[in-house]
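In case you want the letters, here they are:
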Amino acid sequence: MGNVLVVAEHQHGKFPKTTLAGLAAGKQLAGLVGGKCIGVVLGQGVDALANELAEYGVDVVAVDDAKLAHYLADAYTNALAELVKQKGADAVVATATAMGKDLLPRLAARLGAGMASDVTGIVDASTFKRLMWAGNVIATVKVEATPRVVSVRATAFDAAAKDGAKGTVETAALGGGETKVQFVEFAETKSDRPVLTEASIVVSGGRGLKNGENFGTYLEPLCDALGAAMGASRAAVDAGFVPNDLQVGQTGKVVAPTLYIAVGISGAIQHLAGMKDSKVIVAINKDEEAPIFQIADYGLVADLFKAVPELTEEVKKLKGA
Amino acid sequence: MKILVTVKRVPDPETVIKIGPDGAGIVTDNVKWVINPFDEIAIEEALRIKEKVSGTEVVLVSIGQKTSQEQLRTGLAMGADRAILVLTDASLEPLAVARVLQKVADGEKPDVILMGKQAIDDDSNCAGQMLAELLGWPQATFASKVELGGDQKSVKVTREVDGGLETDAMPLPAVITADLRLNEPRYASLPGIMKARKKELKEISVADLGVDVAPKVKIVKLETPPKRTGGRKVASVQELVQVLHNEAKVI
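Residues numbered from 1 in each chain as written. Chains lettered and ligands numbered in written order. Predicted model: local features only at pLDDT ≥ 70, side-chain atom pairs only at ≥ 80, totals over all residues.

Draft legend 1. Here's a closer look at the overall build of chain B. Regarding its fold elements, chain B presents seven helices and 13 strands. In terms of its C-alpha atoms, chain B occupies a principal-axis envelope of roughly 65 × 45 × 40 Å. Out of the 251 residues belonging to chain B, those deemed buried represent 47%. Once local pairs closer than 6 in sequence are excluded, the contacts in chain B between residues at least 24 apart make up 69%. (Helix = DSSP H or I, 4+ residues; strand = E, 2+ residues; numbered from the N terminus. Buried ≥ 20, exposed ≤ 12 C-beta atoms within 10 Å, placed from the backbone. Contact = placed C-beta atoms within 7 Å.)

So, in structure tokens, the structure goes:
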């Protein structure tokens, strides 16, 4: 007993930064438990990925099966529950991405496990920190039953590095087993900009942008000048300006870039929950009483429709210099 | 068909949350309580199905103290048919919630269980997925579109996942959890409120259900995170670029 399984999510044949943050959390937990951290790669044709994961200094189990080609909660739960038994695992860790959030609770219920979700800190082998009430309270929770199932917040852990001796790679002969769900299609949001959860600069727009077109006219050029990802407040998503995939906040994505620029965002509690750990926060808003200014490092009280194009030009000048 | 919708009583999302003096919970004086916003979206979706598929019954279920009657009445006023309140003074963790709901579902035998994707108090985002597993049903979380099959034996759900929209098809019964863009919930009408008073609201206790709700996870302590303090205002775009470049060194 005592091993920690880390579910290593992959996209387009790569491990996103969010996965590497989960791996770092798994390594930390394994150290505290006194067991081994084992990376698990599920999918179809995942040999190369399994080998790459082993370079991060962990032993890897590849579960290769046609039924696992697309992530489906029940099929992945079947494979992982079996693996937990085989490996005598004490804990299963994954990053709280859309997949991790969908999968781990189902697995926890299958295992009758204690679960802590969206964890931001590991105190000891069974004790974790997590946020409640839109990030207004930090709870320290003790998961008393084993196995433990833990989803971790990507921004709270540094991405694992390729260090230590390369781990072993084995292929587990586990099928996805029965699935009741049929994958129909995935409509990918195409963008040349960085992924929101990986970008070092994020520019987000709120209701102040007034409509979806203005995101294209005003925000996109600024994003491109800065090499930034584009985000949005819940108010902007609610109003139908942009897809929910861009939502930063309690019920959207949590980001912690080096620079976060909030444009036309008032700063509702639920938005702050998704970005207040950014290193530097800039707010541009015409309402000088907007709550966003209370947490912004630099505030500019201005009409965004004038200030944003100006800012785009200034950034271009600076980069050109 | 029958749709079961879960309803949780939570503080209004705009509430400024403070930890109580005992450090075990939050201050609840003067807190305005509402239906968890994602549960409201789930109720709305059930009502829209009811409007399309005649003979559909929408049953609400909540777990908590007597005070949750208020949120169930609101849901009934929106148009749900009847409600069940499972009484407990304990604050149940997601797995215990799922076990209670499993018992309720065993009795009610719904075709669809609609839930909010997460409650905005504990922000766990777990109960729906756990319930689907306990029942052995398929799950469709983070739904932004629900299309019922013509024979009402299957459902196609579009889900808000990282990087785009995923569509999955599954047979009923199934558990579906609602995301933000699924719909815009209606307000209860005055006649709706009048009618709601006469609708059935059945109370049972967790003990009656014979479910093991013993916690596996214990809250050791609650703390207020360090407050981020604001910096300063800059006068112009030029000054902003200059400080970001020379002072913060982030561009």
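Once the structure has been displayed, the description carries forward.
Draft legend 2. Expanded view of the overall build of chain A. When its secondary structure is counted, chain A shows eight helices and 15 strands. Scaling as 2.2 N^0.38, a compact globule of 321 residues should have a C-alpha radius of gyration of about 20 Å, and chain A matches this with 21 Å. Its C-alpha atoms give chain A principal-axis dimensions of about 60 × 40 × 40 Å. When the 321 residues of chain A are sorted by exposure, 61% land in the buried category. (Rg over C-alpha atoms; globule rule 2.2 N^0.38 Å.)

Draft legend 3. Region of the structure containing the packing of helix α3 (residues 73-86) of chain A against helix α4 (residues 98-111) of chain A. All names here are of chain A. The contact between α3 and α4 brings their axes to 9 Å, and the two run at 50 degrees. Regarding the angle of α3 to α4, the classification is oblique. Helix-helix and strand crossings are classified by hand; for α3 and α4 the assignment is right-handed. The segment α3 lies against α4, with A73, Y76, T77, L80, A81 and V84 engaging D102, L103, R106, L107, R110 and L111. (Axes fitted to C-alpha atoms, helices over the stretch in contact; angles between N-to-C directions. Parallel < 35°, antiparallel > 145°, perpendicular 65-115°, else oblique. Left-handed = near helix turned anticlockwise from the far one by under 90°.)

Draft legend 4. Seen up close, the sheet that holds strand β13 (residues 259-263) of chain A. A sheet is described by the order of its strands in space; here six strands give the open sequence β12(A)-β11(A)-β13(A)-β14(A)-β15(A)-β13(B), paired in parallel fashion. What marks the edges here is a single partner per strand, and that holds for β12 (229-232) of chain A together with β13 (232-234) of chain B. Between one strand axis and the next, the sheet turns through 25 degrees on average, direction left out of account. Bridge count for β13(A) against strand β14 (residues 280-285) of chain A is five bridges, and the pairing is parallel. Within β14(A), the residue paired with V263(A) across the bridge is I284(A). Here helix α7 (residues 237-247) of chain B sits on the sheet in contact with β14 and β15 (298-301) of chain A together with β13 of chain B, set at roughly 170 degrees to β15(A). (Pairing = 2+ DSSP bridges.)

Draft legend 5. Up close: α4(A). Between its first and last C-alpha, α4(A) extends 21 Å over 14 residues, near the 20 Å set by a 1.5 Å rise per residue. One or two positions beyond α4(A), positive phi appears at G112(A), with a value near 65 degrees. (Expected span 1.5 Å × (residues − 1).)

Draft legend 6. Representation of the pairing of strand β1 (residues 3-7) of chain A within the structure. Residue and element names in this part refer to chain A. Most of β1 is tucked away: five of the five residues are buried. Taking every second residue as pointing to the same face, both faces of β1 are buried, with N3, L5 and V7 on one and V4 and V6 on the other. Here β1 pairs with strand β4 (residues 89-95) via four bridges, running parallel. Within β4, the residue paired with L5 across the bridge is V92. Bridge analysis of β1 against strand β2 (residues 37-43) gives four bridges, and the strand direction is parallel. Across the sheet, residue V6 finds its bridge partner in β2, namely G39.

Draft legend 7. Structural detail: the nonpolar core. V4(A), V40(A), V282(A) and V5(B) are the most contacted members of the largest nonpolar core, which has 199 residues in total. Contacts of V5(B), omitting those with residues within four sequence positions, involve A42(B), I43(B), A46(B), V58(B), L60(B), A80(B) and L114(B). (Core = buried A, V, L, I, M, F, W, Y, C linked by C-beta atoms within 7 Å.)

Draft legend 8. Local environment of the sheet that holds strand β1 (residues 2-6) of chain B. Reading across the sheet, the ten strands line up as β10(A)-β9(B)-β8(B)-β7(B)-β10(B)-β6(B)-β1(B)-β4(B)-β5(B)-β11(B) and stay open at both edges, with mixed pairing between neighbours. Each having just a single partner strand, β10 (182-188) of chain A together with β11 (201-205) of chain B make up the two edges of the open sheet. Within the sheet, the average angular offset between the axes of one strand and its neighbour, ignoring direction, is 30 degrees. Bridging between strand β7 (residues 139-148) of chain B and strand β8 (residues 154-161) of chain B involves five bridges; their strand directions are antiparallel.

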